[in-house]
Structures are given as C-alpha cells and as structure tokens.
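# Reading the structure
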Protein chains: 4
Amino acid sequence: MKNTIGNNLTVTLFGESHGTAIGAVIDGMPAGVKIDYELLAEMMGQRKAAGAVSTARHEEDLPEFLSGIKNGVSEGTPIAFVIPNKNVRDKDYSELENIARPGHADYTGHIKYRGNEDALGGGHFSGRLTAALTAAGAICYGMLKEKGIAIGTHIARLKDIEDDPFDETKLNEQIELLNHKNFAVLNDDKGEAMIAAIVEARSEGDSLGGILDTAITGLDAGVGEPEFDSLESLLAHAMFSIPAVKGIEFGAGFRFADMYGSEANDPFAMQDGKVVTTTNNNGGINGGISNGMPIRFRLVIKPTPSISKLQHTINYAAKKETELSISGRHDPAVIHRARVVVEAMSAIVLADALITRYGSLYFGKEKEV
Amino acid sequence: MKNTIGNNLTVTLFGESHGTAIGAVIDGMPAGVKIDYELLAEMMGQRKAAGAVSTARHEEDLPEFLSGIKNGVSEGTPIAFVIPNKNVRDKDYSELENIARPGHADYTGHIKYRGNEDALGGGHFSGRLTAALTAAGAICYGMLKEKGIAIGTHIARLKDIEDDPFDETKLNEQIELLNHKNFAVLNDDKGEAMIAAIVEARSEGDSLGGILDTAITGLDAGVGEPEFDSLESLLAHAMFSIPAVKGIEFGAGFRFADMYGSEANDPFAMQDGKVVTTTNNNGGINGGISNGMPIRFRLVIKPTPSISKLQHTINYAAKKETELSISGRHDPAVIHRARVVVEAMSAIVLADALITRYGSLYFGKEKEV
Amino acid sequence: MKNTIGNNLTVTLFGESHGTAIGAVIDGMPAGVKIDYELLAEMMGQRKAAGAVSTARHEEDLPEFLSGIKNGVSEGTPIAFVIPNKNVRDKDYSELENIARPGHADYTGHIKYRGNEDALGGGHFSGRLTAALTAAGAICYGMLKEKGIAIGTHIARLKDIEDDPFDETKLNEQIELLNHKNFAVLNDDKGEAMIAAIVEARSEGDSLGGILDTAITGLDAGVGEPEFDSLESLLAHAMFSIPAVKGIEFGAGFRFADMYGSEANDPFAMQDGKVVTTTNNNGGINGGISNGMPIRFRLVIKPTPSISKLQHTINYAAKKETELSISGRHDPAVIHRARVVVEAMSAIVLADALITRYGSLYFGKEKEV
Amino acid sequence: MKNTIGNNLTVTLFGESHGTAIGAVIDGMPAGVKIDYELLAEMMGQRKAAGAVSTARHEEDLPEFLSGIKNGVSEGTPIAFVIPNKNVRDKDYSELENIARPGHADYTGHIKYRGNEDALGGGHFSGRLTAALTAAGAICYGMLKEKGIAIGTHIARLKDIEDDPFDETKLNEQIELLNHKNFAVLNDDKGEAMIAAIVEARSEGDSLGGILDTAITGLDAGVGEPEFDSLESLLAHAMFSIPAVKGIEFGAGFRFADMYGSEANDPFAMQDGKVVTTTNNNGGINGGISNGMPIRFRLVIKPTPSISKLQHTINYAAKKETELSISGRHDPAVIHRARVVVEAMSAIVLADALITRYGSLYFGKEKEV
C-alpha cells in the first residue's frame, strides 16, 4: 500500500525533502514496550551525514513523538513522530526546475503526479525519508533485542575493495561491533581504503555505490508465510523501498547459478539437541520460512546519482535536451549511511512477522504498578 | 497477505502437491477481457515437464474454470479455477516421512504448521503451485498484450554457460521469439550446451540452477508507487514467491557496486518527441516508478534441491541424524520451466499496477451487443 | 478487498448462481484444527431451502474440499472448497434478459461490469454465494466452540410478529437450542405465526423480511481494534455482505435515540471476581473492544425482491420501461435461512479478531503422533 | 487495519486526547487537487464545541499540514497533518485513575493494552480524534464537490423530537442549507426544541443521543464492489469508527421488517433518458453497488457517556466496586457535532470507492504552467 508497509505492525511514511517535516506512524505497536532511546539516538546518528564521505547538510534528526508513548513506554496506540526539515536550502535547486537529474525520480515523479509534485531535493523520493524509517526501525529493533535477535550489516564491497566476510561462528560478536560503528566494516583497513575511494570520487565530482551484507541471529524457526509473504518476499519488498537499492540476494544468491544441488543444499544436523544446517547457502530460509539459522542477505546500492560532473539530460517541461552539473551539498556515497536503514527495515519486517505468528501480546508487557 | 498477492487485482493461491487439486482465484479482474486461451495453453505448456531435462511426472495441467468467465470473456467477478492433481504417486514419498530434505521446506513447514502439514511432494511449498500462478499470469499477460506490453525471459546463465545478452534495439523481436520457445535462450548453441550440462548433472544424480533475464517493453512512464509499492518492491515481492528464486537485481544490479555515478546514471534524451534514456542501467525504473524504458531484471534460481546423491540430514520427529537419497521423478533443473512463471508473475504485477493507476475500466470493454 | 474479507484469517469468495460452481478459500487457517463435519452439515442444512416457506430449488450444497485438510484436520495451508451448481434452470431467467428486477443487483451489476456480467439468478450477487460463506463460517465456528464461544440468532420480528426476547441470564441454553432449530425462534408459537405470514405472502405472490437478533457468549474482554477495526466495524462490514441485510444495531441500537445517558450507560460491577456490567445496552462492546459481556446485535433483512406480483421496471438495454412478473422458484422469505449465514459471518470475524490478538497458534494444536 | 482505513485512498489516524497532538496521514491522495480551505474551516468549525449544548473545552483545531500540499494544491504524495492538543486539563481526570467510566472504553482499553494506555480524556478512544477525521474528510469532500457530489446530514430525532424528513425532490437545496448550519436540522423549530432538551439534560447532569440522517447526491451508478466491499459494508465500517455510533440503516432500514416485497422493491423507470427508481427504499444501493439514486442512511448516536449524575462502577486496578460522578467539561450531547464527522467519513469512503473504479487520475489535474 503505497506509503504503508506491514501486516500486523505497519509503518506509514510521509514527507518531502524540502517540506515542513517528514515522519511516520507506527500502528499495531505492542503495548508495554520500553522505548530504547539510546539505541534510537545511535541509529539516527549512524544514518546522519558525517565527515568527508558525506553531504555537508547536517540535521539533528531526532524524532519528536506526538502519540503512542507515555513515560517512555509504548501505549499500544499508534506511535506518530515528526522530524522537522530545518536545514533546507531551496536555492540549491532553483536551477534544477524541470530538469531531469539522471538516475533520480524527477522525471518519473513528474509524470506520475502530473507536475504537481514538489521535486526540490528529490521531494518524497528523497533519501531524507529514510530518517523516518530508521527511527521506526530503531523502535522495532529495541523490541527484537529483548527477544535475543541481533541484526548487523557491513559494507562488503565498494568499487573493487572487499571487506572481510562475516564469520558465522562468531556472528553475534561481529554484529555487536558493527552496531556501534559509523563506517561499518569488519576490517578497518579495508574501511580506510573504501573511504579513500569515496574521497577520490568526490574530488572528481563523482560518486560510488557498493554492496551491503546483512546477518540476523536469534530468529526462531517457523517465522514467515508461504507463497506471497515469504520472509524473502517481505524483506525484499521492504529493502527496495530504500532509495538506491537495486538488487538483493539471499544466502549464496547469484552464486547459486554455478553450483550443483549437492553443493547448494544445506545438510541438516543435530547440534546440542537443536536442528541446524552445516552450511547456510539458503541464508536461513527454506520455502520462505525461517529455519533457525542466521538470516543472510546482500544488497547492492547504486552510486549516488547527484554528481557535479557534467551530464546530458532534458528539460521535461520544454521537452528539449540540455546539460547539467549538480552543485550543492551531496553525498559522494550513501552506502555507509544506508546500512543502518537496512537494519531498521529488517527490524520492521521481523517485528511484524513475529506478531503475525505469535500475536499482539508477544512483545511488551503488562504495566508494572 | 500469505496466499493473496496484489492490491486492485489480486491472486489467491491454494493447494498442495499431492492434494485433490491446486488452483487460484483472480479478484478485481476487469470485465470484458477476452481470454486468450491459446496464450494460456502455450504458457502452461512451457511450464510443463518435458524432455530429458525435466521430471517424468506429466500432467495436462490446463485450468478448469469455475467462475468469472462467460463465453470466453471475463465477467468482472472473481475468476476461480482448479487444476486437479491426477498423476500423484504418494509412495515415492513414503520413505521420506519426517525426513528433512535439504534445501526443501519440509522442516520449516513442519515447525510452522506444528506437524499438521501435508509434506508429500513439498505440499503447499511445491513448485507444482506455479501451474496455478502461470494460468493466472497468462490471463493477465493476455490483457497486457492488448495494451502493447511484451514480456520475455531467457536463461542468461547456467553453470558457466552464458547465453547471448538481450539487445535493447530489438527487444520486441527477441521477446516474440522467446515467447514461443520451450527452452528459452537467445543463442540456441548455448541452449544445447546448457541442456547437455543438465543431462550430465542428472546422470550424476545431481542438479543445476541458473540466471533468468527478463525484459518488459511497452510500459508507460509513471506506473508504480513511491516508497513501499515501488515497481521494484512489487516485482521482487512477487518473484520470491516462485520456489528456488534466491536473488533479484534490476538493471545493472550487482554491477553497480563497481561503477561510478557518472557511468551508472542514465542520461535522458529526446527521441522522436519521446523521453528516453541513452543507457538503461536503472532497468526502466527511477524512484520505483517506470520511466518508459524497458523494465529489466535478473533472477537467480538455485539448483533443484531434490537430488538422488546421498545427503546428510535429520529425522525431525526422531530428532536424530540420518542419510537420504531422493528417488522418484524429479527435475535436474527447473530454470527452463521457471522462466514462464517469471513472465506470468510479471504480468500479474503489471496488470495490478496499471489498474491502480488507471482504474478498473482500463482493461476490457463494454459488451458488444 | 472486494471478494476477500479479514486480516489474519481471510475468506475469498467466488462463483455465480448459474456458473459451474461457487466456493471459497480460507487463508490464515490455523494448523491442527479438527474440522467439525457434523456442525458443518447442520449449518449447511439450516441454510438450505426447505418446506413451504422456501424456494423449491434444492441442492445438497456440501462443500467439496480441495486443499488444506488432511485426515479431517487443518494443515495450516489454505482451505479451498467448491460447491457445484447442479440444479440450475437457466430457462427460468430467459425472459429476464436485460430486465432490471426491482430490488436486485441486475442493473447495478450491468453498469459496474459493462454488460459482461452473468446476471442469471443474480449471478455473483446471488444469495446462493452464502452457501460458501456458511461453509467457511462453520469451520470457524467449530474453532470458536473449542474456546467456549457460542453464537446464536433468532428471528426477532417478521411483519408485526415479535418473538420472545433473549434472556441474558440463560443465553447459553437458548443459543444451544437455537443452534439446532431450522426455523430459529425462541417461542415456537410465534414461529408458527411467522410461517403462516410467509405462506400467506407467497400465496399472494409477495414476500417478507424481518429482524434477526444475535447473541455471542464466551468472548474475552480486550478483543477488537481501536478506530477502524472496532468489533462493530468488523461485524457490520461482514454483515452487509449478506444479501438483503439493510441495517445493523448493537445493544440498545436505535432505542438509544430516546434514552438519557444515565439510562444508557452500563454500570460496571464485580461478580465472582469478574468484571461485568449490570445492563448490556452497549452490546458487549465499549470503544470498539469487547468488554466480556455477551455481544449483541440486530440486523434487518429486507423482503425478498423476487416476487411474482406485477412490477414496473425497465429494459436497460433498450432503455425503455416495461412490466415484469417473476416466475420460477423463489423464496417468499429468506430470513430463516439468512440466520445461519449471520452466525457463520460472526464466526469468521471473531476467529480473525482472536488470531489478530493472540496469534496464529491460538487455535489448533501440535499434531499428535 | 486498526488505524488505517481505505483501499486506494487511505487515512491513518493517530493521537490521544491528552497527548501532544492528534493527526492523520492521507495516502493515495490524487495529485493536482486544489485544497478547499474554506470548506475545511467550515467543517472544522461545525465539529467544534460551541454554545450551551457543548463542552466548554475550546480549541481552534485547524490542522497544521506537514507534507503533501504545495501552494494549496495536493502533490500526490501523502498529506500529513497534526492538530496540537493545547487546552488540556489533566487534573480533570486525576480522580478517574483506574475508574471505569460506564459507557466509555477505559476498561476495555485497559485490558487490551495491558495497563499501558493513556486513559486521560478517553485517550486514543476520545471523540477528539474525530477532529482529524473531519479534516481528512473535508479534503475529500472538496474533491467530490468538483465532481458534483453533495453530502448532507441532519439530526432526524433527539429524545422524542423528530425533525422534518428529507424531501428527495429537493435534496440538493436541503443539503446546501445543512452544509452551512451549526445545528443541522431541516426545521429550525424542531432544532430549538432539541436544544432545549439538551440544555435540560445538562441541567440534570445527564446527556442525550439521537438519530442522524444522511443523503448523498450526484454519485454515478456502478460504484462499490460486490460481496465484501459493498458501499454498505464500506460506509458501515467507516461510521462505526465514530465514537457513540451504535447502529446504521440504509434506505427504509429497520422499517423493512414490516414491509412486503411489493412495497419494498423500488420500481425502475426512465426519466429524461436516465434510469431512476420511483421510490428509494434501498437508499441508492442495490447489491452493494450505487444505482444512481441518492445514497440514504441513518445512524444512531448513543447519549454521551460522561455525565455528572452518580454512577455505579468499579476500580479495575483494585478490582472493587465504587461510585462515580464525572465532573469537568463535557458535552451533554455530541450528535450536533458528530454530524459533520459523518459527512467527512462519507467523503473519505466515496473518494476511495471512486478512485478504485476510475483510477488515480480521476480527481485532480495536470499542473497548470
């Protein structure tokens, strides 16, 4: 449903980059959940622009809650919050009127909304809306943590630089480390090299993308629905709502194309009375349902489309070709910021799937008197 | 919603591999659409098992319509159909009771449904249900063709064999050719090599997967919704309901990871008074909305999990380890059959998205008297 | 969603009166529910035409299950069933082509579906589809009974004849009695008078409606959602899908118009450690949420529109006025048959609301080995 | 879905009576709709407390728009707005802690949310949230007016005082008059009598309810869906989200119980080349689909539960009985304020149903350059 995602726990998103505010409404929120404000602040901080590899537009971006929380605890009623747009510079966009920025949604938004859209800064399509997603997801991640679920993401690849892979024997420690990093890599030397590549791209008026690798531990077997609400369908649906995501693969993903079934199948085994698989090519999901192993997926993030290099394009009002060099404050890469949005969206999807399975009383608790 | 997909045009799926019948209900079907039975038969035929590279289980699999169609024309009311399960051999599965076939949903289904599921032949998770999806999608594809939309898929890669790529200057002809092929490749020599690889895998009791590449032409700019119902979200959601799909990428997909923004962005240009992009790295989608260029995506299909090679696994009732060699009639590869299911699911998604944009009267017409 | 109702447990309905079959798909069905076939047969029997007060069209109408049930127990996957249309006499309708039967959906269906609808016998709008609703509801009622919930309905008024009212001090016994009656009244003398009124209306080529009064016991406090998914919204939504229902009121209903707040409010009290109200003007619902008292609502059923008396109407194809006397097999009243449909729809709504609150594992159980 | 209503145009509601703010998000809003601020202000004014017959709590209650509108025209993206809670007096409620006010949702909310709810002033169940519904509905009504649709409601009955009935031969004029009245009656003498009755009830520490009668003109035939999304289902679902509504009837409603089919059926006729019915017992709806005649329904509003008369009730924390006299600022009747909420909710339902039928481009227009 357009700007609402979820079945039993839903998030409804609103706002434009240069409007009054962005925000979201979380409905189906379980009652009696203590909001983890520290986690919220940390995740919002990780999404924020920072340092040489990001835009110079800075905003505090902490959500102002309007409803659904009393004394730091969820009431069960909808949690609505806004994040005001304070640091808006419309003039950065004045030259862009009716110019289709390549790789952006200016033109498609124009056709869809018949010219009535606010295209400034990408309008409703702006990556800025991920601030609201991150806030909503942080609240969900807080709930999941109470149930022993951990979600971590690192930048697996950027340009031709590969980070170390996850080690499934110590995922929880790795996730814990990543959860507190601003530039999330497992090998900091590789991180330095990636940052250098981004800085170099910026110096040339260009930009970069990359690959994000996510691991989720602690999820029971049996979560997800058959056919159309498989965990893969739900996660993929959610991830493609993050701007710049152009691909997702679970487990071995595209490497399956060259494998034999005998290599690809994950043998089941018993370990300490628990069912496990001895490999995890299926990324913790069989038939769309969690099998108790870590959920694993990778996303590709395309290079930020806002570049100052000269580009060929059109003025869609005048219906004629033109050239464009985008000035203003822009990110030479968003992958290091997108990573926490991926964790947030994962948290929303899993919280919803768990409520679908275990009901509205699974999270939260009776008020203590 | 579990077994229902879509917003304005919905498909509700039911059935198990070894039950009485599988089938589907298409709701929100526009009135006055002439059913293209020839297209339906051709697509069902392409999904059917055939030849050396497929299972020996053969079924006619033509849907028996129960409602919603009168004299070959849709009434506007729900179209329900069943496909009886005729050629069922339960004994093939008698040795499998409580054995988790690696790579299958036996174990996860068992946990989800607390032992009440019918696991024979994969039960509700069986690839057999794609017959119903194909039938529903064929009806939708018939509608789309009336509007000049064409959908084609070829096997881009299998093991290390690569088919020729699509040529975007002659996509319509290529799609037309592929639409009439049973083993859908652009280069038949590559197709022969792929078939040989599958036959060899079968002879070793093993199986193979591969990559499917899809192109869709004729879709207007402006279709799709922002944020959560982007065309990418909708298509990905639908595709992961096809068993064995483990990844999807749009346009340049995972190759974006190594590109600069200046390479990745698709420059806009005017061509014969129409807005085009001179490259199509974004696969026809900007900000989740179609931009008028061909929609392009690729899917990875994992190797069929049913193999006769000996596998390590567990008996989940006895909670102990065991070994397994799957006998019976199985596909050494499903990619050549999955391809038409991808086209069918694409048709369902696009028909729904077009009705969302243009309303319930967009397809079909007033009854001629 | 058109022909699908529900959030976590959904029912998708299909079929036309004179098509091949009608039927439904129940999705989100909990696994491990023993199907109560006796209850199913009894409810289907109560809906069936019978005796002097009903149509002469008889059909066995037992559902043929296609999926989702194994050895009499739900698998957790969709339950699909069909009810074939066997006793169809198209010629009864041959004179009706393009004639708008007053009070029926012929004309509105014609406009909606642009002439492509199958209008025979009311087509998709026919009361015949309530056979599928009753079957789906009977399965849900079986689940609810296991949890101690009872649903009963009597004909409270027909023409100027009033049945005795429910007695809230012995609702369970009254419901038990009603559940086994074909003409559901609390006072059989009043029932005889109602039947006589119906027989008389038939003899004059006319028809009658009436009021149904429903009581539901055993539902916990706390079920239902705020604002748009109040129990009242959900029940009303469901009830208006039953043809001929034109009004619904909860508790004191329209009598509230003449009451003071001091009369209308239901005082709370403690009874055996349980919270109760000493009156039940609110029909067991406060703020849309169940309060633990019996749920009470009344529905009005309009007189059957098919009458043999001469009526003024139009031929909508010719766009001119005409006259009409409907021959064929018709019900002089449907209220006695509609009553079990009301119980069935109530069961669907409550089963869904309970799953929303308590999750997918609330009903059904682990398979016994 | 809990706090979201609609299919293609959805409204998501949030807030509590004594929280920071209430508000809503309108999604699926067509692009290019000029917001009718005058209509918005007038409708908000009609909902506002005023005069002797209302509470002394006054708030301006104009929505502050956060997104989706640019220069007074809808952008097509979600319209979010908040209405701050400024005039909150928590101490009015300090004596009410854990006391179940009879007729209110305090107790049911407490059970549902396990004690975590904010019960002050009714919390999320407060009639205050109808301010947000009215604002959302006013925007929709503005759209409908552009298409020639008019919605009007009058107080048909209060205590034993009956207003004059609508006259279907001059509905448009009557609606126009009602749309500009604060105490909406057709006969002002009857209005005076009603006001006197309310004032008298207040003087006795008591309250009153009544019946609202709504007429909608200008709606095409063919709008609405079969079975579960009939106009009756959609309207009833929406209306029961308005606090205090306990019943709804369409057309002749409960009077059908005493009618013969030959009286109840509305004969079709041709009038100036247009299909009409010569009576309108069915309230403009046949089979759930609009037939082109005025839509007619009536709602019953129960007496306001907040009364100062002494009431018997419980302290649900202490689990013991107690007595209660509600002081503070309360409405002796809400029916005159509820009436515009009914018009607003009607507008939301119809705008959604029209978009479902005619698509997202039906309302609004291309931006003028």
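Computed from a predicted model, the values in this text were never measured in an experiment.

### Some remarks on helix α5 (residues 188–203) of chain C
Residues and elements named next belong to chain C. Across its 16 residues, α5 extends 22 Å between first and last C-alpha, which sits within 8% of the 22 Å expected from 1.5 Å per residue. Those residues of α5 that sit buried are Gly-191, Met-194, Ala-197, Ile-198 and Ala-201. Down the axis of α5, the buried set is contained in an arc of 120°. They therefore lie on one face. With respect to the buried face of α5, the exposed residues turned more than 90 degrees away are Asp-189, Glu-192 and Ser-203. Where α5 is buried, its residues meet β8 (150–158) and β9 (161–162). The N-cap of α5, judged by a side-chain oxygen 2.9 Å from the amide nitrogen of Asp-189 a few residues on, is Asn-187. Backbone geometry just downstream of α5 places Gly-205 in the positive-phi region, at approximately 70°.

### Overview of the environment of A:Gly109
All names here are of chain A. With respect to the helices and strands, the residue Gly-109 is situated in helix α2 (residues 106–112). We classify Gly-109 as buried; its relative accessible area is 1%. For the pair formed by Gly-109 and Ala-119, sequence separation is 10 residues and the distance between their alpha carbons is 7.8 Å. Residues in contact with Gly-109, not counting those within four places in the same chain, are Arg-114, Glu-117 and Phe-125.

### Considerations on helix α1 (residues 37–47) of chain A
Residues and elements named next belong to chain A. Within α1 the residues assigned to the buried category are Leu-39, Leu-40, Met-43, Met-44, Gln-46 and Arg-47. Projected down its long axis, α1 shows its buried positions confined to an angular sector of 160°, all on one face. Taken together, the buried residues of α1 touch β4 (64–67), β7 (79–84), α3 (130–146), α4 (171–178) and α8 (335–358).

### Looking at the interface of chain A and chain C
Taken together, the contact between chain A and chain C spans seven residues of the former and seven residues of the latter. Across the interface of chain A and chain C, roughly 660 Å² is buried in total on both sides, 47% from carbon and sulfur atoms. Of all residues in chain A, A:Asn8, A:Arg357 and A:Leu361 give up the largest surface area on contact with chain C, accounting jointly for 52% of the area buried on that side. Scanning the region where chain A abuts chain C turns up zero salt bridges.

### Here we look at the relation of the copies chain A and chain B
Each of the two chain copies can be brought onto the other by rotation about an axis and movement along it. Expressed as a screw transformation, the operator carrying chain A onto chain B has a rotation angle of 180° and an axial translation of 0.0 Å, and the superposed copies differ by an RMSD of 0.0 Å. Each copy turns onto its partner about a two-fold axis. When the interface residues of chain A are mapped onto chain B, 100% of them again fall at the interface, so both copies present the same face.

### Comments concerning the packing of helix α1 (residues 37–47) of chain C against helix α3 (residues 130–146) of chain C
Residues and elements named next belong to chain C. Where α1 contacts α3, the two axes come as close as 9 Å, and the packing angle between them is 140°. In this structure, α1 crosses over α3, and the sense of that crossing is right-handed. Contact with α1, carried on its side by Leu-39, Leu-40, Met-43, Met-44 and Arg-47, involves Thr-130, Ala-131, Thr-134, Ala-135, Ala-138, Tyr-141, Gly-142 and Lys-145 of α3 and no other residues of that element. Of the residues in the contact of α1 with α3, the class split is eight nonpolar, three polar and two charged.

### Re the pairing of strand β3 (residues 21–27) of chain A
Residues and elements named next belong to chain A. Among the seven residues in β3, seven count as buried, and that is most of the element. When strand β2 (residues 10–14) meets β3, the two strands line up antiparallel, connected through five bridges. Looking across to β3, one finds that Thr-10 is bridged to Asp-27. The antiparallel pairing of β2 with β3 creates a hairpin that spans six residues between the two strands, and Gly-15 there sits at a positive phi of about 120°.

### Re the sheet that holds β2(A)
Residues and elements named next belong to chain A. Strand order in this open sheet of five strands is β1-β2-β3-β7-β4, and the pairing throughout is antiparallel. Looking at which strands have only one partner, the edges of the open sheet turn out to be β1 (4–5) and β4. Judged from the two bridges that link them, β1 and β2 form a sheet pairing that is antiparallel. Its bridge partner lying in β2, Thr-4 is registered against Thr-12.

Conventions and cut-offs
Residues numbered from 1 in each chain as written. Chains lettered and ligands numbered in written order. Predicted model: local features only at pLDDT ≥ 70, side-chain atom pairs only at ≥ 80, totals over all residues. Heavy atoms only, no water. Helix = DSSP H or I, 4+ residues; strand = E, 2+ residues; numbered from the N terminus. Expected span 1.5 Å × (residues − 1). Buried < 20%, exposed > 50% of the residue type's maximum accessible area, 1.4 Å probe, protein only. Arc of directions from axis to C-beta. Contact = heavy atoms within 4.5 Å. Polar contact = N/O pair within 3.5 Å; in protein donor to acceptor, adjacent residues only side chain to side chain. Buried area = accessible area lost by both parts, 1.4 Å probe. Salt bridge = Lys/Arg side-chain N within 4 Å of Asp/Glu carboxyl O. Least-squares fit on C-alpha atoms with pLDDT ≥ 70 in both. Axes fitted to C-alpha atoms, helices over the stretch in contact; angles between N-to-C directions. Left-handed = near helix turned anticlockwise from the far one by under 90°. Nonpolar A, V, L, I, M, F, W, Y, C, P; charged D, E, K, R; others polar. Pairing = 2+ DSSP bridges.

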